[in-house]
Amino acid sequence: MTKRHKLEISNLEPLAVSKRHAFVLMGYPKLVQRWLFWSRRAKTPEDRWVIIVREGKRGTETLIDYQSLKSAYQKFLNGIEPPKLPSEGGKS
């Protein structure tokens, strides 16, 4: 039987996070839902709030680029919010 060694790398950020982890990281799932909704409907890459690395399908989760998630959060901290979802009475 071989020993398994755990590799730990400090100060390294993930390349992508799951939608579920984004909900936990941001602490406000509705905000992440808005970013995803409007990013999917963006007409140009500059209009996207976050970069969706992989769209979730049966058995897989949506993956979000971590740097774009941080960038969207920084916009939010600077007072720039995404429009409300249509279900919240926002534009469609």
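In what follows, the accompanying structure is described. (Residues numbered from 1 in each chain as written. Predicted model: local features only at pLDDT ≥ 70, side-chain atom pairs only at ≥ 80, totals over all residues. Heavy atoms only, no water.)

### Things to note about the packing of helix α1 (residues 19-26) against helix α3 (residues 66-77)
How two helices pack is summed up by the angle between their axes together with the distance between the axes. Packing of α1 against α3 leaves a shortest axis separation of 12 Å and a crossing angle of 35 degrees. In terms of crossing hand, the pair formed by α1 and α3 is right-handed. Touching Ala-22, Leu-25 and Met-26 of α1 are Tyr-66, Leu-69 and Tyr-73, all from α3. In the contact of α1 with α3, the residues fall into six nonpolar, no polar and no charged. (Axes fitted to C-alpha atoms, helices over the stretch in contact; angles between N-to-C directions. Helix = DSSP H or I, 4+ residues; strand = E, 2+ residues; numbered from the N terminus. Left-handed = near helix turned anticlockwise from the far one by under 90°. Contact = heavy atoms within 4.5 Å. Nonpolar A, V, L, I, M, F, W, Y, C, P; charged D, E, K, R; others polar.)

### Focus: the sheet that holds strand β1 (residues 16-18)
Across a sheet, strands are paired by hydrogen bonds formed along the backbone, either parallel or antiparallel in direction. Within the open sheet, the three strands sit side by side as β1-β3-β2. Their pairing is antiparallel. Each edge of the sheet is formed by a strand with only one pairing partner; in this case those strands are β1 and β2 (52-54). Taken pair by pair, the neighbouring strands of this sheet meet at an average axis angle of 40 degrees, ignoring direction. Here α3 sits on the sheet in contact with β1 and β3 (63-65), set at roughly 70 degrees to β3. (Pairing = 2+ DSSP bridges.)

### Observations regarding the pattern of salt bridges
In this structure the tally under the stated criterion is five salt bridges. Its salt-bridge partner being Glu-13, residue Lys-70 comes within 2.8 Å of it at the nearest N-O pair. Of this pair, Lys-70 sits in helix α3 while Glu-13 sits in the segment before β1, and the two are 57 residues apart along the sequence. Judged by relative accessible area, which is 35%, Lys-70 ranks as partly exposed. Classification of Glu-13 by relative accessible area gives partly exposed; the value is 37%. The salt bridge involving Arg-20 is made with Glu-61; its shortest N-O contact spans 2.5 Å. (Salt bridge = Lys/Arg side-chain N within 4 Å of Asp/Glu carboxyl O. Buried < 20%, exposed > 50% of the residue type's maximum accessible area, 1.4 Å probe, protein only.)

### Describing the side chain of Ser-39
Mapped onto the elements, Ser-39 comes out in helix α2 (residues 29-40). A polar contact of 2.6 Å, which involves the side chain of Ser-39, links it to the backbone oxygen of Trp-35. Those residues within four positions of Ser-39 in sequence are excluded, and the remaining contacts are Arg-48, Trp-49 and Val-50. (Polar contact = N/O pair within 3.5 Å; in protein donor to acceptor, adjacent residues only side chain to side chain.)

### So, the nonpolar core
Soluble, globular proteins show a tendency: their nonpolar side chains are buried together. Among the nonpolar cores identified, the biggest contains 16 residues, and Ala-22, Val-32, Trp-35, Val-50, Ile-64 and Leu-69 are the most heavily contacted of them. Of all the secondary-structure elements, those providing two or more residues to this core are α1, α2 and α3. With six residues, α2 is the largest single contributor of residues to this core. Excluding anything up to four places from it in sequence, Ala-22 contacts Val-17, Val-32, Ile-64 and Leu-69. (Core = buried A, V, L, I, M, F, W, Y, C linked by side-chain atoms within 4.5 Å.)

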